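Coordinate inspection notes
The lines below spell out each chain.
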Amino acid sequence: HAQLDGHHLAWLRDVPPARVLEDAVYLCHATPASDETYWLETVQPDGTVRMSDIAAIEQAAAGITQSLILCGHTHVARAVRLRDGRMIVNPGSVGSPGYRDIVPFPHTMEAGSPDARYAILDRRAGQWHVTFRHVPYDHEAMAKLARQNGHPDLANALATGWIR
């Protein structure tokens, strides 16, 4: 944050919470209603993270007419096909394969490898198909930078894909 100039922060403040791309793809960071709520995962009071219930996922998608919905926030690559055929995809994370959080309860998210993650999406015969890619990169350089900046948890996640 300290390395960002005022114009960077202004740009970030102006990014809309959700967008529609070419009337076919709905994009948001976490959920349509919240930038900080997990959509495809649920955190239990004991810190266990599990897949969200399909009814809860679909309820959060109510009113979205696009057949492809892209979200993020958890950094976990996942695709969920809704019962009406729409698909929600979280492509994962290019540079943060693990983190600790305290909201809604203390928990840890871990990808299990330091690879960069992304998704390739294509539409065939009216249905979206997703291919997840996990790509090795110089994660040690990024882990070193995180250690230098005083972020040992992030450094460990970048080096291994695990927080531990």
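A few points on the structure.

Procedures and definitions
Residues numbered from 1 in each chain as written. Predicted model: local features only at pLDDT ≥ 70, side-chain atom pairs only at ≥ 80, totals over all residues. Heavy atoms only, no water. Axes fitted to C-alpha atoms, helices over the stretch in contact; angles between N-to-C directions. Helix = DSSP H or I, 4+ residues; strand = E, 2+ residues; numbered from the N terminus. Parallel < 35°, antiparallel > 145°, perpendicular 65-115°, else oblique. Contact = heavy atoms within 4.5 Å. Nonpolar A, V, L, I, M, F, W, Y, C, P; charged D, E, K, R; others polar. Buried < 20%, exposed > 50% of the residue type's maximum accessible area, 1.4 Å probe, protein only. Lys, Arg positive; Asp, Glu negative; His and termini not counted. Salt bridge = Lys/Arg side-chain N within 4 Å of Asp/Glu carboxyl O. Pairing = 2+ DSSP bridges. Arc of directions from axis to C-beta.

Observations regarding the packing of helix α3 (residues 139–148) against helix α4 (residues 152–160)
At a minimum axis distance of 8 Å, the contact between α3 and α4 shows a crossing angle of 175°. The angle between α3 and α4 falls in the class roughly antiparallel. On α4, the residues touching His139, Glu140, Met142, Ala143, Ala146 and Arg147 of α3 are Leu154, Ala155, Leu158 and Ala159. Considering only residue class, the contact of α3 with α4 consists of seven nonpolar, one polar and two charged.

Observations regarding the side chain of Asp115
Looking at where Asp115 falls in the secondary structure, it is placed in the loop between β9 (107–110) and β10 (116–124). Buried Asp115, no salt bridge; nearest opposite-charge side chain is Arg117, N-O distance 5.4 Å. Residues contacting Asp115, with those up to four places away along its chain left out, are Ser93, His134, Val135, Pro136 and Tyr137.

Thoughts on the sheet that holds strand β5 (residues 68–70)
Reading across the sheet, the five strands line up as β1-β2-β5-β7-β6 and stay open at both edges, with mixed pairing between neighbours. Of all strands in the sheet, those bounded by a partner on one side alone are β1 (18–21) and β6 (78–81). Going across the sheet, the axis of each strand differs from the next one's by a mean of 20°, ignoring polarity. Relative to β5, strand β2 (residues 25–28) runs parallel, the two sharing three bridges.

Observations regarding the environment of Arg50
Looking at the secondary structure, you find Arg50 in strand β4 (residues 49–51). Here Arg50 is in contact with Leu40, Glu41, Thr42 and Gln44, once residues within four sequence places are set aside.

Details of the pattern of salt bridges
For the coordinates displayed, the defined rule picks out six salt bridges. One salt bridge connects Arg78 with Glu41, and the closest N-O pair in it is separated by 2.6 Å. Of this pair, Arg78 sits in strand β6 while Glu41 sits in strand β3 (residues 41–43); the two residues are 37 residues apart in sequence, bridging distant segments of the chain. Between Arg86 and Asp84 there is a salt bridge, with its nearest N and O atoms 2.8 Å apart. For Arg86, a relative accessible area of 12% corresponds to the buried category. On the basis of relative accessible area, Asp84 is assigned to the exposed category, the value being 53%.

Digging into α3
For the α-helix, the turn length of 3.6 residues means that residues three or four positions removed from each other point alike. Within α3, burial applies to His139, Ala143 and Ala146. Each buried residue of α3 lies within a common arc of 60° when the element is viewed along its axis, so the set occupies one face. The exposed residues of α3 that point more than 90 degrees off its buried face are Lys144 and Gln148.

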